[in-house]
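Structural overview
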Amino acid sequence: AEQSAQSSAVQRSLTVVLHSNNISQDALEQLARQVPATSKDRIDCGPFIFEEGELLEFDYGAYFEELSLNSSGQLKMRGTGINENGARQISGVLKEDENVVALDLDGNSIGDEGTAALANALHSNTTLEGLNLDLNRVGSRGFISMVTQLVC
């Protein structure tokens, strides 16, 4: 019985989702050094994914594009760990997207730089009618970037 318990533990594949937490990249890199490369476990911490022994940065642009093509115009990406870099990735796709009319990014960590990137995308995108940036650490700089793009 002990041997079968050991072999089932070796075959197990675990997925852990830790979005919207305060896990630093240093902590994730430490995890990557400690977990063997043969591990099949997947740890999803929002902007970074630790999968099969490798620390990867999540491609929010590709994810947005895939969701956009399959959406009914309403796209929710709430609490998915999107940071400033992820917002820049999304804004690159958003500039030319014609599918999404409402984008909900509530509860991420987009910040001022990410908000500025999204604001810049809105200058080109004429389809988007609603953008929710609640709880995204947006300060005065991000607010001014957004208002400047919307008014000009």
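In case you missed it, the structure is sitting above this.
Keep in mind the model is a prediction, meaning the values are calculated, not measured. (Residues numbered from 1 in each chain as written. Predicted model: local features only at pLDDT ≥ 70, side-chain atom pairs only at ≥ 80, totals over all residues. Heavy atoms only, no water.)

Right, let's get into the overall build of the chain. Helix and strand content of the chain: 6 helices and 7 strands. Mapped from its N terminus to its C terminus, the chain presents α and β elements in the order α-β-α-β-β-β-α-β-α-β-α-β-α. Looking at the 152 residues of the chain, the share that counts as buried comes to 36%. Long-range contacts, defined as pairs at least 24 residues apart, comprise 71% of the intrachain contacts of the chain with a sequence gap of at least 6. Just so you have it, the chain exposes about 9,100 Å², and 48% of that area is on carbon and sulfur atoms. (Helix = DSSP H or I, 4+ residues; strand = E, 2+ residues; numbered from the N terminus. Buried < 20%, exposed > 50% of the residue type's maximum accessible area, 1.4 Å probe, protein only. Contact = heavy atoms within 4.5 Å. Areas by Shrake-Rupley, 256 points an atom, 1.4 Å probe, with all protein chains shown as cover.)

Here we take up the sheet that holds strand β7 (residues 130–132). Strand order in this open sheet of 3 strands is β5-β6-β7, and the pairing throughout is parallel. Both edges of this open sheet fall to β5 (74–76) and β7, since each of them pairs with a single strand only. This sheet shows a mean twist of 5° between the axes of neighbouring strands, independent of strand direction. With 3 bridges connecting them, strand β6 (residues 102–104) and β7 associate as parallel partners. Note that in β7 the partner of aspartate 104 across the bridge is asparagine 132. (Pairing = 2+ DSSP bridges. Axes fitted to C-alpha atoms, helices over the stretch in contact; angles between N-to-C directions.)

In this section: the pattern of salt bridges. Taken as a whole and assessed by the stated rule, the structure comprises 3 salt bridges. Here aspartate 104 ties to arginine 78 by a salt bridge, and the two come within 3.1 Å at their closest N and O atoms. Here the residue aspartate 104 occupies a position in strand β6, and arginine 78 occupies one in the loop between β5 and α4 (84–94), the gap between them amounting to 26 residues. Here aspartate 104 falls in the buried class, since its relative accessible area comes to 11%. Here arginine 78 falls in the partly exposed class, since its relative accessible area comes to 46%. (Salt bridge = Lys/Arg side-chain N within 4 Å of Asp/Glu carboxyl O.)

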